[in-house]
Amino acid sequence: MTNSVLDLFNNENLAFVKVCAPMVRYSKLQYRKLVRMYDCNLCFTPMIMADSYIKSPKARNHEFQTDDEDRPLIVQFGANNSTDFISASELIIPHCDGVDLNCGCPQKWALQDGYGAHLLKNPEIIKDCVSQLRNRLPLNKTISVKLRILNNNRESVDLCRQIEAAGVSFITVHGRTPLQKKDPVNLECIKLINDSVNIPVIFNGGIKNLSDAIFKHNFTGCRGVMSATSILHNPGLFAGYDFTPVSAIENWLKIQHTNFFWFHHHLVFMCEHLLIKKDRIIFNNLKNANDVVSFLEEKFDIKNVLSSNRTLGKKLSATPGTYYQSITSNESIQETADLVDELSSLFC
Ligand SMILES: Cc1cc2nc3c(=O)[nH]c(=O)nc-3n(C[C@H](O)[C@H](O)[C@H](O)COP(=O)(O)O)c2cc1C
């Protein structure tokens, strides 16, 4: 039985697998479509809370959208017990290639309720999730874990070995501990983990551009490299662009969007290094799609943008995720740094 994700890792024509990270609010269908146009081989959904996903069809529709081209795709769940993780995974598995358990989220609410990085202290729950689900899913679907490292390299290796023994298909290692924010990524630890397990390892943390991704792949030997913050600013990262190519802005405008808030937010990130400060402030504070499209057409000499997106969000449809606090108190974005700081405090 072929497995499209493991086939990627085994593909000798790929030096390494280029991966777009799970990002709450941001790694949704539209952005996944965009990064796939720029050499990204594998995408993760944002973390979806397994317990809510099981309970409510409304949550299911709100939190997860996909289409036939959106593959290979890994759906990430936040869960604090195997029953929820298994039930949610069984519901979603026909629509994706694998499911992932979040063992890295360092937010206070997650730690308090036993989610994310809290699971690092409870490997039995991680192993239970993996081994029980492995017995239920067909072999062409992967089960993976995304984790942060522990304070001690040896303990980190030991944890990864235990998860491997439980039957995980691959792991993603963010080379910072749950308490570290912008600290340097521990390359040695990720290399040690990669040398100590026989499953594919995806490197994560601090990737700046393609050359950096190649360096981290060469240094650690990891089969995959994942980016979050930098790919948010530059969807062309894995195709070798240092900044967002204008073609990516054009492609973003051509993608069908349903929500002005996300449509605009992504552009704010993408344009950060393309606009001078004065223009950034004007652009970041635009309030409807017509103005956004017109601004970009003029600034970047983009022609023939589909008119459908001009009407998008005439009335702002900003619906902050059901499960997460809004990161902006109002619709005004003075500087991208404001946003990034808020995001960093949440996740990095
Ligand atoms: C906006 C944003 C949202 C994130 N959401 C998630 C998430 O849903 N699940 C997860 O495992 N990590 C999440 N993260 C963490 C990233 O996946 C990644 O592990 C971390 O940012 C380090 O990678 P980077 O240095 O390339 O940003 C998020 C990060 C950011 C910036």
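Caption draft 1: Up close: the overall build of the protein. Helix and strand content of the protein: 16 helices and nine strands. Expressed as a percentage of the 348 residues in the protein, the buried residues total 45%. Taking contacts inside the protein between residues at least 6 apart in sequence as the whole, the part at least 24 apart equals 67%.

Caption draft 2: Structural detail: the nonpolar core. Among the nonpolar cores identified, the biggest contains 93 residues, and Phe77, Phe85, Val130, Val145, Ile163, Ile171 and Val225 are the most heavily contacted of them. Per element, the largest residue contribution to this core is six residues, and it comes from helix H13 (residues 260-270). Both domains that furnish three or more residues to this core are identified here as domain 1 (4-239) and domain 2 (246-347). Not counting residues within four places of it along the chain, the set of residues in contact with Val130 comprises Ile143, Val145, Ile163, Ala166, Gly167 and Val168.

Caption draft 3: Just the confidence of the model for the protein, in detail. Of the residues in the protein, 87% reach a pLDDT of 70 or more, and the chain-wide mean stands at 90. Across residues 313-331, confidence stays below pLDDT 50; counting only partners more than four residues off in sequence or on other chains, it has 28 contacts.

Caption draft 4: Region of interest: helix H7 (residues 123-134). A rise of 1.5 Å per residue sets the reference length of H7, with its twelve residues, at 16 Å; its end C-alpha atoms lie 16 Å apart and thus fit the reference within 8%. For H7, the full list of buried residues reads Ile126, Cys129, Val130 and Leu133. Along H7, the residues classed as buried sweep out an arc of 85° about the axis, all on the same side.

Caption draft 5: Structural context of the packing of helix H8 (residues 153-165) against helix H9 (residues 187-196). Between H8 and H9, the least distance of the axes is 9 Å, while the angle of their chain directions is 35°. Note that H8 runs across H9; the crossing there is right-handed. Contacts from Asn153, Ser156, Val157, Cys160 and Arg161 of H8 reach H9 at Glu188, Cys189, Leu192, Ile193 and Ser196. For the contact of H8 with H9, a count of residues per class yields five nonpolar, three polar and two charged.

Caption draft 6: How the structure looks around the site of the ligand. In the vicinity of the ligand lie 24 residues, with Ala21, Met23, Met47, Ala228 and Thr229 positioned nearest. Of all the secondary structure elements, the ones that give two or more residues to the shell around the ligand are helix H11 (229-233) and helix H16 (336-347). When grouped by side-chain class, the residues that make up the shell around the ligand number 13 nonpolar, ten polar and one charged.

Caption draft 7: Quick look at the packing of helix H5 (residues 82-92) against H7. The geometry of H5 relative to H7 is characterised by a closest axis approach of 9 Å and an angle of 35° between their N-to-C directions. Helix-helix and strand crossings are classified by hand; for H5 and H7 the assignment is right-handed. In contact with Ser82, Phe85, Ile86 and Ser89 of H5, H7 contributes Ile125, Asp128, Cys129, Gln132 and Leu133. In terms of residue class, the contact of H5 with H7 is built from five nonpolar, three polar and one charged.

Caption draft 8: Structural detail: the environment of Gly116. Inspection of the secondary structure assignment puts Gly116 in the loop between helix H6 (108-112) and H7. Among the residues examined, Gly116 registers 26 C-beta atoms within 10 Å and is labelled buried. Spatially, the C-alpha atoms of Gly116 and Cys103 are 4.1 Å apart, while their sequence positions differ by 13 residues. Setting aside chain neighbours within four positions, we find Gly116 in contact with Gly78, Asn102, Cys103, Gly104, Cys105, Pro106, Gln107, Ala110 and Leu111.

Caption draft 9: View of the environment of Val24. By secondary structure assignment, the location of Val24 is in the loop between strand E1 (17-20) and helix H2 (29-36). Judged by the 22 C-beta atoms lying within 10 Å of it, Val24 is buried. Linking Val24 and Thr45, residues 21 residues apart in sequence, is a C-alpha distance of 8.0 Å.

Caption draft 10: Seen up close, the pairing of strand E9 (residues 224-227). Side chains of E9 alternate between two faces, with Gly224 and Met226 and Val225 and Ser227 buried alike. The sheet contact formed by strand E8 (residues 201-204) and E9 spans three bridges and is parallel. Within the sheet, the bridge partner assigned to Phe203 lies in E9 and is Val225. One crossover worth recording links E8 to the parallel E9 by way of helix H10 (residues 210-220), and it is right-handed.

Caption draft 11: Examining the pairing of E8 more closely. Of the two faces of E8, both are covered, the one formed by Val201 and Phe203 as well as the one formed by Ile202 and Asn204. Two strands pair when backbone bridges link them, and strand E7 (residues 170-174) and E8 are joined in this way by four bridges, in the parallel orientation. Within E8, the position partnered with His174 by the bridge is Asn204. One crossover worth recording links E7 to the parallel E8 by way of H9, and it is right-handed.

Caption draft 12: Inspection of H13 at higher detail. H13 sits mainly inside the fold: nine of its eleven residues count as buried. All of the buried residues along H13 are Phe260, Phe263, His264, His265, His266, Leu267, Val268, Phe269 and Met270.

Caption draft 13: Structural context of unusual backbone geometry. Cis geometry is found at the peptide bond from Arg71 to Pro72, where omega equals -5°. In this fold, Pro72 is placed in the loop between helix H4 (57-63) and strand E4 (73-78). A positive phi angle, near 80°, is found at Arg25, a position not held by glycine. What makes Arg25 partly exposed here is the crowd of 18 C-beta atoms within 10 Å. You will see that Asp301, though not glycine, has its phi angle at about 55°, which is positive.

Rules of the game
- Residues numbered from 1 in each chain as written.
- Predicted model: local features only at pLDDT ≥ 70, side-chain atom pairs only at ≥ 80, totals over all residues.
- Helix = DSSP H or I, 4+ residues; strand = E, 2+ residues; numbered from the N terminus.
- Buried ≥ 20, exposed ≤ 12 C-beta atoms within 10 Å, placed from the backbone.
- Contact = placed C-beta atoms within 7 Å.
- Core = buried A, V, L, I, M, F, W, Y, C linked by C-beta atoms within 7 Å.
- Domains from an automatic or database assignment.
- pLDDT = per-residue confidence, 0-100.
- Expected span 1.5 Å × (residues − 1).
- Arc of directions from axis to C-beta.
- Axes fitted to C-alpha atoms, helices over the stretch in contact; angles between N-to-C directions.
- Left-handed = near helix turned anticlockwise from the far one by under 90°.
- Nonpolar A, V, L, I, M, F, W, Y, C, P; charged D, E, K, R; others polar.
- Near = placed C-beta within 6 Å.
- Pairing = 2+ DSSP bridges.
- Right-handed = clockwise from strand over helix to strand, strands pointing away.

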